[in-house]
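What follows is each chain in one-letter form.
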Amino acid sequence: MTVETASLAAPAAAFLIAAGSPGPATLAVAATSMSRGRSAGLACAVGLWVALSLWGLVAAAGIGALMATWAPAMIALRLIGGAYLLYLAWQSMRSALADHPVEQDAADCPNAALMFWRGMLLNAMNPKALLAWMAVIVIGLPPGAGTGDVAIIFALCSAIGLGLYVLYAMLFSTGRAMRFYLRLRRWIEGGCALLFGAAGLGLLFRRVDTP
């Protein structure tokens, strides 16, 4: 392992922890996979990854640093993201209170397309995705890192994000996971509503410090 490769391992490991830890994105792909099947779960995973990668490009181009230090931009992003998370909480609560579970049709293309856009919007409106990239690209890279190093770490972390989301979709769309969901549907959807709601309120009421 070269010195350059070793120095890139630390930010990649940090991104692995940040992207794989429980949060709105991983909760969304897990819940979608359990309730709607593997096709919808994978579609949600790809949508999450597309938005995550776009934030990576924003951070790599240096625009992310400007956004992170410009309070109005971060406030707007947090307000939009918080409102969207509260919308997801409302949707989950509606599902929890419904008499019947959402009809599952893993091969339904419109359903998969809807889950793709739902995942993409979730990460597109999530300021934590930008801040994770900022920590990796701006803070995590060693001094003197060049454009090539930034491109390598972007490609590596983007692949890590995709792999994690797909792994969640595969694990939570197994027959056992889906049967577990059907048995405890109301509790699971209610728990998702609480978690989405808490995350949304956290974004809405978090104070933004100006530089």
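Note that this is a predicted model, so its numbers are computed, not measured.

Caption draft 1: Quick peek at helix α10 (residues 185-205). Compared with an ideal rise of 1.5 Å per residue, which puts 21 residues at 30 Å, α10 spans 30 Å between its outermost C-alpha atoms and is within 8% of the ideal. Of all the residues in α10, the buried ones are Arg 185, Ile 188, Glu 189, Gly 190, Cys 192, Ala 193, Phe 196, Gly 197, Gly 200 and Leu 203.

Caption draft 2: Examining the layout of surface pockets more closely. Of the pockets and cavities examined, the largest pocket occupies roughly 370 Å³. Arg 36, Gln 91, Ser 92, Met 115 and Arg 118 are, among the 19 residues lining the largest pocket, the residues nearest its centre. Listed by contribution, the elements that provide at least two residues to the lining of the largest pocket are α2 (24-36), α5 (71-97), α6 (109-124) and α10. When residues in the lining of the largest pocket are grouped by element, the largest group, seven residues, is from α5. Across the lining of the largest pocket, the residue classes break down as ten nonpolar, five polar and four charged. If you add up the space inside the second largest pocket, you get close to 320 Å³. Taken together, 17 residues make up the lining of the second largest pocket; nearest its centre are Ala 18, Ala 19, Ser 21, Asn 126 and Lys 128. Contributing elements (two or more residues each) for the lining of the second largest pocket: α1 (3-20), α2 and α7 (127-140). The residue inventory of the lining of the second largest pocket, partitioned by class, reads eleven nonpolar, five polar and one charged.

Caption draft 3: Region of the structure containing helix α8 (residues 147-172). Over its 26 residues, α8 runs 38 Å from end to end, which matches the ideal 38 Å to within 8%, given 1.5 Å per residue. Looking only at α8, the buried set comprises Val 150, Ile 153, Phe 154, Cys 157, Ser 158, Ile 160, Gly 161, Leu 164, Tyr 165, Tyr 168 and Ala 169.

Caption draft 4: Inspection of the packing of aromatic side chains at higher detail. Counted under the stated rule, the structure contains four aromatic pairs. When the centroid spacing of 5.5 Å and the interplanar angle of 35° are considered together, the rings of Trp 133 and Phe 154 count as tilted. Taken together, the residues Trp 133 in helix α7 and Phe 154 in helix α8 connect sequence positions 21 residues apart. Across the pair, Phe 154 and Trp 133 agree in class, each one buried. Among the aromatic residues, those joined into a cluster by ring pairs are Phe 15, Trp 133 and Phe 154.

What counts and how
- Residues numbered from 1 in each chain as written.
- Predicted model: local features only at pLDDT ≥ 70, side-chain atom pairs only at ≥ 80, totals over all residues.
- Heavy atoms only, no water.
- Helix = DSSP H or I, 4+ residues; strand = E, 2+ residues; numbered from the N terminus.
- Expected span 1.5 Å × (residues − 1).
- Buried < 20%, exposed > 50% of the residue type's maximum accessible area, 1.4 Å probe, protein only.
- 1 Å grid on protein atoms, 1.4 Å probe; cavity = no way out; pocket = protein on both sides within 12 Å on 5 of 7 lines; lining within 4 Å.
- Points joined across faces, edges and corners; volume = space filled by probe spheres on them.
- Nonpolar A, V, L, I, M, F, W, Y, C, P; charged D, E, K, R; others polar.
- Phe/Tyr/Trp six-rings, centres within 6.5 Å; stacked < 30°, edge-to-face > 60°.

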